[in-house]
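# Structure assessment
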Amino acid sequence: MGDRLPEQTPRAAANPSPAVAACSEAEAIEVLETDDVLPMATEDNHRVGRNHSSSAWCPKSRPSAHQPPTDQPLLSRTQWDTSRGQKHARKHWKALFDQFDPENTGYISTEKFRNLLQSHGSELDPHKLEVLLALADNNSDGKICYQDFVNLMSNKRSNSFRQAILQGNRRLCNKALLEETGLSLSQRLIRHVAYETLPREIDRKWYYDSYTCCPPPWFMIAITIVEVAFFLYNGVVLDRFVLQVTHPLYLKNSLLYHPQLRAQAWRYLTYIFMHAGIEHLALNVVLQLLVGVPLEMVHGAARIGFVYIAGVVAGSLAVSIADMTAPVVGSSGGVYALISAHLANIVMNWSGMKCQFKLLRMAVALICMSLEFGRAVWLRFYPSVYPPCPHPSFVAHLGGVAVGITLGVVILRNYEQRLQDQSLWWIFVSMYVVFVLFAIFWNIFAYNLLDLKLPPPP
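Residues numbered from 1 in each chain as written. Predicted model: local features only at pLDDT ≥ 70, side-chain atom pairs only at ≥ 80, totals over all residues. Heavy atoms only, no water.

## Quick word on the overall build of the protein
Looking only at helices and strands, the protein has 15 helices and two strands in total. The burial tally for the protein puts 55% of its 458 residues in the buried class. A sequence separation of at least 24 residues applies to 77% of the contacts in the protein between residues at least 6 apart. Carbon and sulfur atoms form 63% of the exposed surface of the protein, whose accessible area is close to 20700 Å². (Helix = DSSP H or I, 4+ residues; strand = E, 2+ residues; numbered from the N terminus. Buried < 20%, exposed > 50% of the residue type's maximum accessible area, 1.4 Å probe, protein only. Contact = heavy atoms within 4.5 Å. Areas by Shrake-Rupley, 256 points an atom, 1.4 Å probe, with all protein chains shown as cover.)

Structure representation (structure tokens):
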């Protein structure tokens, strides 16, 4: 579509009639979230919010009986959250579309949509306009769907939007997000995160306009703070911060996983708060902050937390199967799940990833992972200072990698889309559940059947 609407649509000189007078974005969002507008498409896990400084949908005209005066600030969403405002906004937007859709089909042509914007003096966020026009391009008849417009203004992704995103064959005529100038430091940070984690330009612009840092990436920050706090506490108690695992009292901690105490189920998870030494903690903390925080900013705490916890549990269970006599410490299972999922996502979408120095960044990440894994392998086979119990196992790293390239890849690939609708998601979830059940039965029966000589309990 070569004649797309410019980023700033000029206001019409004539005043519109009161029946179709423009309203604030707060009103628009209210009507978009009411139940009786239109049958809403299935919603995703989403973040409702506007961009920090990008132009808003903020039509301006003379006030009607139901509108706040134009010489006063636009009412906030909370202030305008009344049944009267919702009814007025609903009637307003429906009236606008009905003017161009007399047959009430729910679709208007892109040309009529541009006329609608021009005749009512509306200014639509250029990024969101691109999304609407991309959706129109996806339709064979090149029309704008009213429901797409509703979902777009409320930051909700409809089924038709998912289908358009999955096709990934649209051309965005406006300049790329990376070329925009005059951004604040926080906006440049959000743009950087978008280019580091998302392979499609339309996804990056959608994220850039929607992200409000509310809630912040609390999960990765909180888990890191707790890990550091436990390490400092153990360092004070043991009077050792380097290679704490070599201290005779180290294994007496009730958080780490020990094969003799495998019936204490919490140890399969809490072992992440115990680290072999400051070198072990430092590598894990740096990696999970550099990779985990940007991923959580894009995909949310629920998805990233699930990948992290799934990698942690898979790591301890993998040790209980493949390295049955060794204890487990450290958060490497969760860290490796996040990193392997992120790297696999970059490789699978190599041409679309526009992050700077992506090859160098991948090389640095792989080098750090290799160093940490090599340290774990060396420590595992290093003679123990308290035989017959060996040093902690390295197999947890491999369990985290397995989770990352299965569940993690699916989660990172489906930005803001319902995972429940993805068949591949259910396949990998089923595989993970089968593995967990197998590991549970293995821990119940295999140790006795194999007649292993386990190290004495601490």
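## Things to note about the nonpolar core
Core analysis: the biggest nonpolar cluster contains 80 residues, and Tyr207, Met220, Tyr250 and Tyr308 have the highest contact counts within it. The set of elements that each furnish at least two residues to this core consists of helix H7 (185–197), helix H8 (201–210), helix H9 (218–238), helix H11 (278–322), helix H12 (332–348), helix H13 (358–381), helix H14 (395–413) and helix H15 (423–450). For this core, the element with the most residues is H11, which contributes 16 residues. Setting aside anything within four residues of it in sequence, one finds Tyr250 in contact with Leu238, Gln244, Val245, Leu256, Met274, His275, Ala276 and Val329. (Core = buried A, V, L, I, M, F, W, Y, C linked by side-chain atoms within 4.5 Å.)

## A few points about the packing of H11 against H12
Interaxial distance between H11 and H12 falls to 7 Å at its minimum, and their mutual angle equals 65°. In terms of axis orientation, H11 runs roughly perpendicular to H12. Seen from above, H11 lies across H12 with left-handed handedness. In contact with His280, Asn284, Leu287, Gln288, Val291, Gly292, Leu295, Ile304, Val307, Tyr308, Gly311 and Val312 of H11, H12 contributes Ser332, Gly333, Gly334, Val335, Ala337, Leu338, Ile339 and His342. (Axes fitted to C-alpha atoms, helices over the stretch in contact; angles between N-to-C directions. Parallel < 35°, antiparallel > 145°, perpendicular 65-115°, else oblique. Left-handed = near helix turned anticlockwise from the far one by under 90°.)

## What about H9?
The end-to-end C-alpha distance of H9 is 30 Å, a good match for the 30 Å that 21 residues give at a rise of 1.5 Å each. Turning to H9, its buried residues number three or more, namely Phe219, Met220, Ile223, Thr224, Glu227, Phe231, Asn234, Gly235 and Leu238. An end-on view of H9 places all buried positions within 130° of arc, on one side of the element. In this structure, H9 carries Ile225, Tyr233, Val236 and Val237 as exposed residues pointing more than 90 degrees from its buried face. At its buried positions, H9 is contacted by H11 and H12. Phi turns positive, to about 60°, at Asp239, one or two residues after H9. (Expected span 1.5 Å × (residues − 1). Arc of directions from axis to C-beta.)

## Considering unusual backbone geometry
In the segment running from Cys214 into Pro215, the intervening peptide bond is cis, with an omega of 5°. Counting through the fold element by element, Pro215 comes out in the loop between H8 and H9. For Cys213, which is not glycine, the phi torsion reads 60° and is therefore positive. Phi is positive for Asp239, close to 60°, though the residue is something other than glycine. Here Asp239 shows up in the loop between H9 and helix H10 (267–270).

## Some remarks on the state of the cysteines
Using the criterion set out here, one finds zero disulfides in the structure. Looking at Cys214, it has no disulfide partner, and the nearest cysteine sulfur is the one in Cys213, 7.9 Å off. We classify Cys214 as exposed; its relative accessible area is 61%. (Disulfide = S-S within 2.5 Å.)

## Things to note about the side chain of His258
You can see His258 is positioned in the loop between H9 and H10. Beyond its immediate chain neighbours, meaning those up to four positions away, His258 contacts Leu251, Pro327, Cys389, Pro455, Pro456, Pro457 and Pro458.

## What to know about the environment of Gln260
Mapping Gln260 onto the fold places it in the loop between H9 and H10. C-alpha of Gln260 to C-alpha of Pro327: the two residues are 67 residues apart in sequence and 9.1 Å apart in space. Non-local contacts of Gln260, meaning those with residues more than four positions away in its chain, are made with Leu454, Pro455, Pro456 and Pro457. Looking at Gln260, its side chain comes within polar contact range of the main-chain oxygen of Pro455, at 3.1 Å. (Polar contact = N/O pair within 3.5 Å; in protein donor to acceptor, adjacent residues only side chain to side chain.)

## Here we look at the packing of H11 against H13
The interhelical angle for the contact between H11 and H13, taken along N-to-C directions, is 150°, at an axis separation of 11 Å. With respect to H13, the axis of H11 lies roughly antiparallel. With respect to the hand of their crossing, H11 and H13 are arranged in left-handed fashion. In this structure, H11 contributes Glu279, His280, Leu283, Asn284 and Leu287 to the contact, and H13 contributes Cys368, Glu372 and Arg375. Taken together, the residues that form the contact of H11 with H13 break down as three nonpolar, two polar and three charged. (Nonpolar A, V, L, I, M, F, W, Y, C, P; charged D, E, K, R; others polar.)

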